[in-house]
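Secondary and tertiary structure notes
Each chain is listed here by its residues.
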Amino acid sequence: MVLKHCSALLAPQLTVLFNKLLEQGIFPDSLKSSYVVPIHKSSTLTNVRNYRPIVIQPALGKIFESLVLDRISFAFRSILIHEQHGFTPVGLQSPISFCIKTTFYILFKTTVSQDSVYIDFSKAFDTNNLKLNIAKCAVITFHRSSAPILFDYILNNSALIRKTSIRDLGIVISHSLGPESHIDAITTKASRNLGISDQNFKKRTECCSYEVYLYCSGEVSA
């Protein structure tokens, strides 16, 4: 926030500094310093294994890192295949239909269903010995039929949970690919935030209450 408000003053100096670092191929140690914040994931709070370490980096270091990424991303565009779209800026904003939208179009046009299995690994970022987290694995059948044919999927002798909607890259996708599930999720979150604000501002004015309502309404409309 400070850098944003002071950008007009700092931008010329940072431009000279960053260009010099890029020419010399140096990433200063002072921009690498960071601190770790433990984020609780699930289960009991007293077990350290239930926390995920999140590294908080310096703001200037993150800006310089983004500049380096912009430069090297051009070299990787010819290496990454289409199925690795998650590693590209466009891919991070795209739901599951990014890869199989053509398949879904054909399926819905011919009233055939499509099964998609979502798998999750336990502590995927903490160890190289990946193990499936069956509790978070799920299967969803995309269809627009009143009587779809459903199959059970078994992994490690455990049946996968069947869902009628699933969250993929922040977007809630229903079995019919309709927007209703995503809208419901957004409005529920907005209502919850409004309830929290209502509790925190018991001695609020009419003006303050109106501003909170507009904020939540804006989130819903987005």
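Right, let's walk through the structure included here. Everything numeric in this text was worked out from a predicted model, so none of it was measured.

**Quick notes on the pairing of strand 6 (residues 138–142)**
For strand 6, the tally of buried residues reaches 5 of 5 residues, placing the bulk of the element in the interior. Summarising the sheet, strand 3 (residues 114–118) and strand 6 pair through 5 bridges and their orientation is antiparallel. Within strand 6, the residue paired with Ser116 across the bridge is Ile140. Two elements, strand 6 and strand 9 (residues 161–163), share 3 bridges in a ladder whose sense is parallel. Within the sheet, the bridge partner assigned to Ala138 lies in strand 9 and is Ile161.

**What to know about the nonpolar core**
When a protein is soluble and globular, its nonpolar side chains tend to lie buried together. Of all hydrophobic cores here, the largest spans 6 residues; its members are Tyr118, Ala138, Ile140, Phe142, Ile166 and Ile173. Sort the elements by how many residues they give to this core and strand 6 lands first, with 3 residues. Among the nonpolar cores identified, the runner-up in size contains 5 residues, and Phe18, Leu21, Leu31 and Phe64 belong to it.

**Regarding the pairing of strand 10 (residues 165–168)**
The alternating pattern of strand 10 places Ile166 and Asp168 on a buried face and Ser165 and Arg167 on a face that is not buried. As defined by bridge partners, strand 10 adjoins strand 11 (residues 171–174) across 4 bridges and the pair is classed as antiparallel. Counterpart to Ser165 in the pairing with strand 11 is Ser174.

**Description of a nonpolar patch on the surface**
Together, Tyr35, Ile39, Ile54 and Ile56 give the surface a local cluster of nonpolar side chains, amounting to about 340 Å² of exposed area. Secondary structure elements with two or more residues in the nonpolar patch: strand 1 (35–40) and strand 2 (51–56). Positionally, Ile54 belongs in strand 2. You can call Ile54 partly exposed: its relative accessible area is 35%.

Parameters and conventions
Residues numbered from 1 in each chain as written. Predicted model: local features only at pLDDT ≥ 70, side-chain atom pairs only at ≥ 80, totals over all residues. Heavy atoms only, no water. Buried < 20%, exposed > 50% of the residue type's maximum accessible area, 1.4 Å probe, protein only. Helix = DSSP H or I, 4+ residues; strand = E, 2+ residues; numbered from the N terminus. Pairing = 2+ DSSP bridges. Core = buried A, V, L, I, M, F, W, Y, C linked by side-chain atoms within 4.5 Å. Patch = residues over 30% accessible without salt bridge, like charges linked within 9 Å, V, L, I, M, F, W, Y side chains within 5 Å. Areas by Shrake-Rupley, 256 points an atom, 1.4 Å probe, with all protein chains shown as cover. Salt bridge = Lys/Arg side-chain N within 4 Å of Asp/Glu carboxyl O.

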